[in-house]
Amino acid sequence: MDIDKLFKVPKLPAGGNKRRMPDNPTPEMLKRMRMDDDESVSEAGVVDLSGSASRDKGKSRAVTVEDEDEEGQAMETDFAPGGDADYFAEEDDEGRFFGGGLTQEQKDILNIFDRAGGEEAREDLEEMNAVTARRLLTRFERAANKNQDQRSKYPDDPTKFIDSEADLDAALKALLPLAQSPIIAYPEIIRGGTVERLIGLLSHENVDIVIDVVEVVHEFTDEDVGNEADEDEEETDGSREDALKQLIQSFLDNAILELLVDNLSRFNEEEESDRQGIFHVLGIFENLLGFNAELSTQLVSKTKILSWLLKRIESPKHDENRGYAAEILSILLQNNRSNRLALGKQDGVESLLKILSRYRKRDPVDADETEFMENVFDVLCSALGEPEVKQQFLDSEGVDLMVLMMKDKMQARSRAIKALDYAMSGPAGTAACETFVEALGLKTLFSSFMGGKTSKKQKAAAAGHAASEDTAHTLGIVSSLLSNLASDSPARIRLLAKFVENNYEKPEKLLEIRDAAQGRLKVTEKEIEDEKKRMHDEGEEVEPDMEDLWYLRRLDGGLFTLQTVDYILAWIVMEDDGVRSHIQKLLDRKSQSFKDIVEVLQIYHDNVDEDTTEANPDGAPSQREILRSLIAILNAC
């Protein structure tokens, strides 16, 4: 078998002025071969192996066997397994081809390290210590100083500083491996002034250099830095975290947040490199907020990040950066009142509703867009924790939009129920409750509550979204309606009528949910009792914090649903005699009574957050006062 024939270069189309090279040319023939001219080479982009029969007398060079090999490699590289750049170039003594195991991109990275320091740079990557870290940092310092010097001397002549810019680019990329040895490298980075140089380069005239810096900072601030190294001892892990903490603080001291946000407007996302730059900037924000969540207030108050994020997620075209922007926005608003109010001041509620309205008639096209939609709903729900934002939500007709989404029964339906639960909760949600009833939301709500007919498309859209979560939010809405709608008002009468229609099917459904919640709670209670017994046997003391943790576990294990259901049952028992008689009859069949509901409500009363017990400015009773009244009425039954 002739290996040369198997792997020979594909023949190019022959023209009238071309000549064909024999399959086995002689050395003399190769020596006589000449290229037509340099211009034809630059236009074609490949070496012409079947050149013209005539010989031009202009500039030319001899075609060698090496040229043919390079051509073969260039043309066949796309067909190599795994994108191996050397698959068709390297062979063993017996003529078998194995390749170098590196893609072209990986080879380019190694070439960058070579340009940054040749063999010394590769040695630095193989064995990282304080000396090699200082060597890489020194190269970077020299490259940065040289580029700055040449740019200041020849500001209008790029040819004078283009080489130093390439060296700076290579030196920055050579810093990336330092992230794998934070204990060794980060103190050197701080001591040697590298932090200040990196921050300074964020204002560089060349955006490509800024992108390099952003990538380096993103890598340096990753919470998983150094995890690839063998660091088994706890002391080492602690030192790694300390090194990361000191480096991040050094970046913050040099106003990195402001500079990063200012650079966002410089990037052109039509370019792939700029898109990656924005992705790394958002990654840096996530790293810093993961390091210290309190930085979110500083980031929003001292920069224009909020307006940029809102504008970015408004884009109709979905991509990775749009999804990441929504995720960062969600993080910024978590448990942060000042940031939520800042969102409201920038018409953020209006922007969020505009984005979500696109999912009223269509579902997200893939998992990434589904995650984006959920993040936007999370942002909205976080903001609705503030009374001021609830009013803006109402003014922007957010309640009406969510009711329409519930009726359309697309994938956004479940999230719309969740948003309404947040908007209608508490005394500040009274106006939203009234608007909800006026928008004819009761019919759709109770249809969802009773588990109405669902199409195959609905079931597929709801895949991955827990049905129990929908039930919990539906119960939350009913609870808010009973708490906030005025007594004897038309809206309240319409609500109570829903519990009477169809032979009291809604109270029966409530008792079904109650039984299911009790079953889950019993399992949780047994787990907690077993844990208490184990601690007692081992002589461990039960600290007060443990009781709080166990209560939270009970809430997650069914107690929260049980409390909400019993709160609703207590209200409708008080409001309607027919409902009271029907519920009492159903409880008797299960050997239960209103005292079981009272016990649950008493636990609810004793654990109500003190912050939520303050009376409404309009004179409405607090949650704790309502619970006391309901308990008293049930005890009298």
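As a convention, each chain's residues are numbered from 1 in the sequence order in which they are written. Per-residue local features of the predicted model are confined to residues with pLDDT of at least 70, and side-chain atom pairs are confined, for both listing and counting, to 80 or more; whole-chain, interface and lining totals are unaffected and use all residues. Where side-chain values are given, they derive from all heavy atoms of the structure, hydrogens and water being excluded.

**Re the overall build of the protein chain**
Numbering of helices and strands runs from the N terminus; a helix is a DSSP stretch of H or I covering at least four residues, while a strand is a stretch of E covering at least two. Helix and strand counts for the protein chain stand at 33 helices and zero strands. Here, residues are in contact when the closest pair of their heavy atoms is within 4.5 Å. Long-range contacts, defined here as pairs at least 24 residues apart, represent 69% of the contacts in the protein chain between residues at least 6 apart. Note on areas: Shrake-Rupley, 1.4 Å probe, and residue coverage restricted to the protein chains presented here. Split by element, the accessible area of the protein chain, about 34000 Å² in all, is 48% carbon and sulfur.

**Re the side chain of Arg 151**
One can find Arg 151 in helix 7 (residues 130–153). For every residue, the accessible area (1.4 Å probe, protein chains only) is compared with the maximum for its type, and the residue is labelled buried under 20%, exposed over 50%, or partly exposed between those bounds. On the accessibility criterion, Arg 151 (19% relative accessible area) is buried. Discounting chain neighbours no more than four positions away, the residues touching Arg 151 are Phe 161, Glu 165, His 204, Glu 205 and Asn 206.

**Looking at the pattern of salt bridges**
The rule for a salt bridge is simple: a side-chain nitrogen of Lys or Arg has to be within 4 Å of a carboxyl oxygen of Asp or Glu. Throughout the structure, instances matching the rule amount to 32 salt bridges. The salt bridge partner of Asp 169 is Lys 173, with a shortest N-O separation of 3.0 Å. With a gap of four residues between them, Asp 169 and Lys 173 both fall in helix 8 (residues 158–173), about one helical turn apart. Across the pair Glu 525 and Arg 554 runs a salt bridge whose closest N-O atoms are separated by 3.1 Å. Placement of the pair is Glu 525 in helix 29 (residues 501–537) and Arg 554 in helix 30 (residues 544–575), with a sequence separation of 29 residues. Relative accessible area serves as the criterion here: at 27%, Glu 525 is assigned to the partly exposed category. Each of the salt bridges in this network shares a partner with another, and the network as a whole consists of Arg 337, Arg 340, Glu 386 and Glu 388.

**Notes on the packing of aromatic side chains**
Two rings belonging to Phe, Tyr or Trp (six-membered ring only in the last case) form a pair when the distance between their centres is within 6.5 Å. Interplanar angles under 30 degrees mark stacking, angles over 60 mark edge-to-face geometry, and anything in between is tilted. Counted under the stated rule, the structure contains six aromatic pairs. Centre to centre, the rings of Tyr 186 and Phe 220 are 5.6 Å apart; their planes meet at 55°, and the pair counts as tilted. Taken together, the residues span a long stretch of sequence, with Tyr 186 in helix 9 (residues 182–191) and Phe 220 in helix 11 (residues 207–220) at a distance of 34 residues. Across the pair, Phe 220 and Tyr 186 agree in class, each one buried. The interplanar angle of 85° and the centroid separation of 5.5 Å between the aromatic rings of Phe 446 and Phe 499 together place this pair among those described as edge-to-face.

**Here's the deal with the packing of helix 23 (residues 413–424) against helix 24 (residues 430–438)**
The description of two helices packed together rests on the angle between their axes and the distance between the axes. To obtain an axis, a line is fitted to C-alpha atoms, over the contacting stretch when the element is a helix, and the angle between two such axes runs from 0 to 180 degrees between their N-to-C directions. For the pair helix 23 and helix 24, interaxial distance at closest approach is 7 Å and the crossing angle is 135°. As judged from the angle between their axes, helix 23 and helix 24 are oblique. Across the interface between the two elements, Leu 420, Ala 423 and Met 424 of helix 23 pack against Ala 432, Cys 433 and Phe 436 of helix 24. Three residue categories are used. Nonpolar comprises Ala, Val, Leu, Ile, Met, Phe, Trp, Tyr, Cys and Pro, charged comprises Asp, Glu, Lys and Arg, and polar comprises the others, including Gly. A class-by-class count of the residues in the contact of helix 23 with helix 24 yields six nonpolar, no polar and no charged. Roughly parallel means an angle under 35 degrees; roughly antiparallel means over 145; roughly perpendicular covers 65 to 115; every other angle is labelled oblique.

**A few points about the environment of Leu 309**
Along the chain, Leu 309 turns up in helix 16 (residues 305–313). We classify Leu 309 as buried; its relative accessible area is 0%. Expressed as a C-alpha distance, the spacing of Leu 309 and Leu 282, which sit 27 residues apart in the sequence, is 10.0 Å. Ignoring sequence-local partners within four residues, the contact set of Leu 309 consists of Leu 282, Ala 325, Ile 328, Leu 329 and Leu 332.

**A look at helix 33 (residues 623–636)**
Two residues of an α-helix separated by three or four positions point the same way, owing to the 3.6 residues in each turn. The first and last C-alpha atoms of helix 33 sit 20 Å apart over 14 residues, in line with the 20 Å expected at 1.5 Å per residue. Looking at helix 33, one finds that the buried residues are Arg 624, Ile 626, Leu 627, Leu 630, Ile 631 and Leu 634. The buried side chains of helix 33 occupy one side of the element, clustering within an arc of 155° when seen end-on. In this fold, the buried residues of helix 33 make contact with helix 30 and helix 32 (594–606). To estimate the expected span of a helix, subtract one from its residue number and multiply by 1.5 Å. The arc in question is the one traced by the directions running from the helix axis out to the C-beta atoms.

**Some points on the confidence of the model for the protein chain**
The predictor attaches a confidence to each residue, and that confidence, scored 0 to 100, is pLDDT. With 74% of its residues at a pLDDT of 70 or more, the protein chain shows a mean pLDDT of 81. Counting contacts from residues 3–21, a segment whose pLDDT is below 50, to residues more than four positions away or on other chains yields 31 contacts.

**As for the nonpolar core**
With 142 residues, the main nonpolar core has Leu 175, Leu 178, Phe 220, Phe 285, Met 402, Phe 436 and Leu 481 as its most contacted residues. Joining through side-chain atoms within 4.5 Å is the link that ties buried Ala, Val, Leu, Ile, Met, Phe, Trp, Tyr and Cys residues into a set, and such a set is a nonpolar core. With seven residues, the next largest nonpolar core counts Ala 517, Leu 521, Leu 555 and Leu 562 among its residues.

**Points about unusual backbone geometry**
Most peptide bonds are trans, and most residues other than glycine sit at a negative phi. Despite not being glycine, Asp 488 has its phi angle at roughly 65°, a positive value. Checked against the element boundaries, Asp 488 lands in the loop between helix 27 (467–484) and helix 28 (490–498). Asp 488 gets classed as exposed once you look at its relative accessible area, which sits at 67%. Despite not being glycine, Tyr 504 has its phi angle at roughly 60°, a positive value. Mapped onto the elements of the fold, Tyr 504 is located in helix 29. Look at Tyr 504 and you get partly exposed, because its relative accessible area is 22%.

**A few points about the environment of Ala 423**
Counting through the fold element by element, Ala 423 comes out in helix 23. Separated by 29 residues in sequence, Ala 423 and Leu 394 have C-alpha atoms that sit 8.5 Å apart. Here Ala 423 is in contact with Leu 384, Lys 390, Phe 393, Gly 429 and Ala 432, once residues within four sequence places are set aside.

**Re helix 7**
Here helix 7 is 24 residues long and its end C-alpha atoms lie 34 Å apart, about the 34 Å a rise of 1.5 Å per residue gives. Turning to helix 7, its buried residues number three or more, namely Thr 132, Ala 133, Leu 136, Leu 137, Arg 139, Phe 140, Ala 143, Ala 144, Asn 147, Gln 150 and Arg 151. The residue sitting at the N-terminus of helix 7 and contributing the capping side-chain oxygen is Asn 129; that oxygen lies 3.0 Å from the backbone nitrogen of Val 131. By the criterion applied in these results, polar contacts are pairs of N or O atoms within 3.5 Å in which, for protein atoms, one can donate a hydrogen and the other can accept it, and in which residues neighboring in sequence qualify only through two side-chain atoms.

**With respect to the environment of Lys 311**
Counting through the fold element by element, Lys 311 comes out in helix 16. Expressed as a C-alpha distance, the spacing of Lys 311 and Ala 325, which sit 14 residues apart in the sequence, is 9.7 Å.

**Focus on the side chain of Lys 506**
Within the element layout of this structure, Lys 506 appears in helix 29. Engagement of the side chain of Lys 506 in a polar contact is seen with the side chain of Glu 505, the distance being 3.1 Å.

**Focus: the packing of helix 11 against helix 14 (residues 272–291)**
At a closest axis distance of 9 Å, the pairing of helix 11 and helix 14 adopts a crossing angle of 35°. Once helix 11 is placed against helix 14, the crossing between them reads as left-handed. Each of Val 207, Asp 208, Ile 211, Val 214, Glu 215, Val 217 and His 218 in helix 11 lies in contact with helix 14, whose residues at this interface are Ser 273, Asp 274, Gly 277, His 280, Val 281, Gly 283, Ile 284 and Asn 287. Considering only residue class, the contact of helix 11 with helix 14 consists of six nonpolar, six polar and three charged. Each crossing gets its hand from how the near helix is turned against the far one by less than a right angle, where anticlockwise is left-handed and clockwise is right-handed.

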